[in-house]
Amino acid sequence: MAFLRLSSPHAHGPQRTSRVMLWVILATLPGLLAQTLCFGWGNLVNTVFCVAVALLTEGMILMLRKRPVAFFLKDNTAAVTGLLLGLSLPPFAPWWVSVVAVVVAILLAKQLYGGLGSNPFNPAMVGYALVLVSFPVAMTTNWASPTGLSADTPGLLHTIALNFTGAEAVDGYTMATPLDVYKHDIKTQLSGQVLQNPAFGDFVSKGWEWVNLGFLAGGLLLIALRLITWHIPVSMLAALSVMSLAFGWDPDQYAPLTIHLLSGATMLGAFFIATDPVTAATSRKGKLVYGAGIGILLYIIRSWGSYPDAVAFAVLLMNFAVPFIDYYTQPRTYGHQKARRVKAD
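The rules behind each value
- Residues numbered from 1 in each chain as written.
- Predicted model: local features only at pLDDT ≥ 70, side-chain atom pairs only at ≥ 80, totals over all residues.
- Heavy atoms only, no water.
- Helix = DSSP H or I, 4+ residues; strand = E, 2+ residues; numbered from the N terminus.
- Buried < 20%, exposed > 50% of the residue type's maximum accessible area, 1.4 Å probe, protein only.
- Contact = heavy atoms within 4.5 Å.
- Areas by Shrake-Rupley, 256 points an atom, 1.4 Å probe, with all protein chains shown as cover.
- Phe/Tyr/Trp six-rings, centres within 6.5 Å; stacked < 30°, edge-to-face > 60°.
- Expected span 1.5 Å × (residues − 1).
- Polar contact = N/O pair within 3.5 Å; in protein donor to acceptor, adjacent residues only side chain to side chain.
- Core = buried A, V, L, I, M, F, W, Y, C linked by side-chain atoms within 4.5 Å.
- Axes fitted to C-alpha atoms, helices over the stretch in contact; angles between N-to-C directions.
- Parallel < 35°, antiparallel > 145°, perpendicular 65-115°, else oblique.
- Left-handed = near helix turned anticlockwise from the far one by under 90°.
- Nonpolar A, V, L, I, M, F, W, Y, C, P; charged D, E, K, R; others polar.
- Salt bridge = Lys/Arg side-chain N within 4 Å of Asp/Glu carboxyl O.

Colleague: Where do I start with the overall build of the chain in this structure?
Modeller: For the chain, the helix and strand inventory stands at 17 helices and zero strands. Considering the chain as a whole, with its 345 residues, one finds that 50% of them fall into the buried category. Counted over contacts in the chain with a minimum sequence separation of 6, partners at least 24 positions apart contribute 77%. As displayed, the chain offers around 18,100 Å² of accessible surface, 65% of which is attributable to carbon and sulfur atoms.

Colleague: Quick question: what am I supposed to make of the packing of aromatic side chains here?
Modeller: Two numbers describe a pair of aromatic rings. These are the distance of the centres and the angle of the planes. The final tally for this structure, using the stated rule, is 14 aromatic pairs. Taking 5.8 Å as the distance between ring centres and 85° as the angle between the ring planes, the aromatic pair formed by Phe247 and Trp304 counts as edge-to-face. With a gap of 57 residues between them, Phe247 in helix H13 (residues 231-247) and Trp304 in helix H16 (residues 284-304) connect regions that are remote in the sequence. An aromatic cluster of at least three residues, connected via ring pairs, comprises Phe247, Tyr254, Tyr299 and Trp304.

Colleague: Is there a simple way to think about helix H6 (residues 95-108) in this case?
Modeller: Within an α-helix, residues lying three or four positions from one another point in the same direction, as the helix has 3.6 residues per turn. With 14 residues, H6 extends 19 Å between its outermost C-alpha atoms, agreeing within 8% with the 20 Å of an ideal straight helix rising 1.5 Å per residue. Buried-residue contacts for H6 involve helix H3 (42-64), helix H5 (77-88), helix H7 (123-134) and helix H8 (136-140).

Colleague: Hey, could you run me through the side chain of Thr47 in this one?
Modeller: Note that Thr47 resides in helix H3. Among the polar contacts listed, one links the side chain of Thr47 to the backbone oxygen of Asn43, at a separation of 2.7 Å. Excluding residues within four positions of it along the chain, Thr47 makes contact with Leu32, Leu83, Gly86 and Leu87.

Colleague: I'm lost on the nonpolar core in this one. Help?
Modeller: Leu85, Met125, Tyr128, Phe272, Tyr290 and Ile294 are the most contacted members of the largest nonpolar core, which totals 89 residues. If near-sequence neighbours (up to four positions away) are discounted, Tyr290 is found in contact with Ile232, Ala274, Thr279, Ala280, Ala281, Val315, Met318, Asn319, Val322 and Ile325.

Colleague: Quick question: what am I supposed to make of the packing of helix H1 (residues 17-27) against H5 here?
Modeller: Helix packing geometry: the angle between the two helix axes and the distance between the axes. Look at H1 against H5: their axes get within 9 Å of each other, and the N-to-C directions meet at 20°. One element, H1, and the other, H5, form an angle in the roughly parallel class. Note that H1 runs across H5; the crossing there is left-handed. Mapping the contact onto sequence places Thr17, Met21, Val24 and Ile25 in H1 and Thr77, Ala79, Val80 and Leu83 in H5. Of the residues contributing to the contact of H1 with H5, the split by class is six nonpolar, two polar and no charged.

Colleague: Just to check I follow, could you spell out the pattern of salt bridges for this structure?
Modeller: Two side chains bearing opposite charge may form a pair once their charged atoms approach each other closely. Across all of its chains, the model carries two salt bridges by this definition. Residue Lys110 pairs with Glu58 through a salt bridge whose shortest N-O separation is 3.0 Å. One end of the pair, Lys110, is in the loop between H6 and H7; the other, Glu58, is in helix H3, and 52 residues separate them in sequence. Like Lys110, the residue Glu58 is buried in the burial classification. Across the salt bridge formed by Asp309 and Arg302, the nearest N and O atoms sit 2.8 Å from each other. Judged by relative accessible area, Arg302 falls into the buried class, the value being 3%.

Colleague: Looking at this model, I keep getting lost on the environment of Arg65. Mind explaining?
Modeller: Among the secondary structure elements, Arg65 is positioned in the loop between H3 and helix H4 (69-73). Excluding its chain neighbours within four sequence positions, the residues that come into contact with Arg65 are Gln111, Gly114 and Gly115.

Colleague: Help me understand unusual backbone geometry in this model?
Modeller: In this structure, Lys66 is a non-glycine residue whose phi angle is positive, near 60°. According to the relative accessible area criterion, Lys66 is exposed, its value standing at 76%. Unlike most non-glycine residues, Arg226 shows phi in positive territory, near 60°. Following the sequence through the fold, Arg226 ends up in the loop between helix H12 (208-224) and H13.

Here it is, written out as structure tokens:
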């Protein structure tokens, strides 16, 4: 009788890294479309530019490291890093802010640790956090007003000129984000007065609700394709909701739950940033703890910290805790029982 000799592993997954990253890119398109329709061309211009800079930066570093450039660029991870930064940065952010964020993400947060699979921190969030702390004015005064692609919004060429040449001040096209407005105005006004601000529409926060719903739709697609699991997004959103209901039940003091869920980078963070397979927890129980930690930190920083939105800081702080979480949430090996504690006489 002849036996077939095969070396393990015998099971092969159909999804390559490049294919998974391509699906991630496609899943962000509804959110990017909503950003473009609600806030103009800024994020689309930023996204294309950041992806180009990310690919160029990674290619140069790979050449310096004498690694095969085409082989590593084809995994699309650098493109996803640039994409996430382009979606996260303000629409009218100066070009040099985007360059600094992308170069730091690729060079310091990824390649310095050895490349894909070795980085302990989410590269895109490292780049975003650095420019937010280093250039607070540029990062807080260049958010577009929710006028969409109307006659009052800069056209594509005008937007490119604003981002890359600083040809004209953008005061007439910018507006504080809803989270920023609510955080500062609620100190001196009632919630009804705060919601009269043009940043808030008839629903929750003008434009931002559609952006978050777009990223929610893309995130659900990734779950349906089994490219990510539900544990991190659900636990993060659940923890954010519990914190908001427990501490923010009075809208005259803190932003209500609807604004927390449908403003800022909540859905982008829950489905596309926190679920990074390299820097997130790995076990199912660990993912639940990891996601819940992000949601709790997100609410704490938004409500009592200095920043109106805090997805980057919440994710990076929980990246620190991932080794600890993974150690204490290891799944039990099949056939083994949990060790019993014996009391000493």
